[in-house]
Amino acid sequence: MNETELMVLPLVVRIERAAPPERTDALEAAAMAVLSLLDDPGEWAAELHAWQSTGKIRKVVRRARGAEWRRAAALPGRTVGHRTAEVRVHPPVPLDAWPKDLARLQVGGTELSDAAEPGHPPSGPPVLWENPVLTMSAGKAMAQAGHAAQLAWWASDEAERAAWRAAGLAVSVRAAPGRDDFDAKVTAGLPVVRDAGFTEIEPGSCTFVAEAPWLLGRVARS
């Protein structure tokens, strides 16, 4: 197997014990962090190309607080702040060769919640719809939201990306109103995330659908 097939995109969410972020804010921040790297990889263009060229877009979310967060922030990467959440995206690394200060961070313990039910998503930004019948930790859902944003980016043309960029690469994350609604979006020719089944849920599960006016019918219908 080619070594690039084992690359992964590290994401770190800041979860301070006294002030954890809202779940929706964390999911949106993760998606925006991924989009930021896709739009402007800067000095990490080679790593990004190697990771994307395999067709596998595996992401792993770890949590940090206090000194852990400061050590993560000192490593190469980019932090996206979004309302109550801070998420740092790092350049892709081989699955078994994480930087030490990232490898020691925990994957578990990302159980976040929203103080109030998120309202109707604003018009304009793409909406990343979460499957309402699946149970995922916030960390797992953050990775899946990042996948959805990436698939939406790939499905957009240059003019659509430019408009998205002008809007700050914003996204909205919401749970679909119900299973039937989510299933209808899955078959509407929109970007759909099907999980590989490494953690938490069954392989092939549809976790997120990315919806925007320009994405409808853009990909092969399921």
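Each residue is numbered by its place in its chain's sequence as written, counting from 1. Two thresholds apply to this predicted model, a pLDDT of at least 70 for residue-level local features and 80 or more for giving and counting side-chain atom pairs, whereas whole-chain, interface and lining totals are computed over all residues. Hydrogens and water molecules were not included; the side-chain quantities draw on all heavy atoms of the structure.

Chemist: Help me out: how do you make sense of the layout of surface pockets in this one?
Modeler: Taking a probe equal in size to a water molecule and rolling it over the atoms shows the remaining empty space. Both site types are read off a 1 Å grid over the protein atoms alone. A 1.4 Å probe that fits but cannot get out defines a cavity, while an open set with protein on both sides within 12 Å along at least five of seven lines defines a pocket; lining residues have an atom within 4 Å of a point. Grid points are joined across faces, edges and corners, and a volume is the space filled by probe spheres set on the points. By volume, the largest pocket is sized at about 670 Å³. What lines the largest pocket is a set of 32 residues, among which R58, K59, H147, D195 and F198 lie closest to the centre. Only DSSP runs of H or I reaching four residues or more are called helices, and only runs of E reaching two or more are called strands; each is numbered from the N terminus. For the lining of the largest pocket, the element with the most residues is helix 5 (residues 138-155), which contributes 6 residues. Under the scheme applied, nonpolar residues are Ala, Val, Leu, Ile, Met, Phe, Trp, Tyr, Cys and Pro; charged residues are Asp, Glu, Lys and Arg; polar residues are all the others, including Gly. Of the residues that constitute the lining of the largest pocket, the class distribution is 14 nonpolar, 9 polar and 9 charged.

Chemist: What is the right way to read the pattern of salt bridges from this model?
Modeler: Side-chain pairs of opposite charge can arise whenever the charged atoms involved come near each other. Salt bridge criterion: a side-chain nitrogen from Lys or Arg within 4 Å of a carboxyl oxygen from Asp or Glu. Inspection of every chain in the model, using the stated rule, returns 15 salt bridges. Here E16 and R14 are joined by a salt bridge, their closest N and O atoms 2.9 Å apart. As a salt-bridge pair, D25 and R83 come within 2.9 Å of each other at their nearest N and O atoms. Within this pair, whereas D25 is found in helix 1 (residues 23-39), its partner R83 is found in the loop between strand 3 (78-82) and strand 4 (85-89), the two being separated by 58 residues in sequence. By relative accessible area, which is 7% here, D25 ends up buried. Buried, partly exposed and exposed residues are distinguished by accessible area as a fraction of the type maximum, computed with a 1.4 Å probe on protein chains only: under 20%, between the cut-offs, and over 50%, respectively.

Chemist: Is there a simple way to explain the side chain of R62 in this structure?
Modeler: By secondary structure assignment, the location of R62 is in strand 2 (residues 59-64). His residues and chain termini do not enter the charge count, which takes Lys and Arg as positive and Asp and Glu as negative. With no salt bridge to any partner, buried R62 finds its closest opposite charge in D96, at an N-O distance of 8.7 Å. For this analysis, a polar contact is any N or O atom pair within 3.5 Å, provided that within protein one partner can donate a hydrogen and the other can accept it, and provided that sequence-adjacent residues contribute only side-chain to side-chain pairs. Among the polar contacts listed, one links the side chain of R62 to the backbone oxygen of A103, at a separation of 3.3 Å. Not counting residues up to four positions away in its chain, the partners in contact with R62 are L11, V12, V13, W98, L102, A103, L105, Q106 and V107. Should any heavy atoms of two residues lie within 4.5 Å, those residues are counted as being in contact.

Chemist: Where do I start with the environment of M142 in this structure?
Modeler: Summarising the element assignment, M142 is placed in helix 5. Between the alpha carbons of M142 and A30 there is a distance of 5.7 Å; along the sequence they are 112 residues apart.

Chemist: So what exactly am I meant to see when it comes to the environment of T187 here?
Modeler: In this structure, T187 sits in the loop between helix 7 (179-186) and strand 8 (192-194). Taking the C-alpha atoms as reference points, T187 and V209, separated by 22 residues in sequence, lie 9.9 Å from one another. Within the structure, the side chain of T187 is placed 3.1 Å from the backbone oxygen of A184, a separation counted as a polar contact.

Chemist: What is the right way to read the pairing of strand 1 (residues 7-14) from this model?
Modeler: In regular strands, side chains alternate between the two faces of the sheet. Burial analysis of strand 1 places 7 of its 8 residues in the buried class, the great majority of the element. The pairing of strand 1 with strand 5 (residues 93-94) spans 2 bridges and is classified as antiparallel. Residue M7 lies in a different strand from strand 5, and its bridge partner there is P94. When DSSP finds two or more bridges between a pair of strands, those strands are recorded as paired. Examined bridge by bridge, strand 1 and strand 2 share 6 bridges and lie parallel to one another. Residue V13 lies in a different strand from strand 2, and its bridge partner there is R63. Alignment of strand 1 against strand 4, held across 3 bridges, turns out to be antiparallel.

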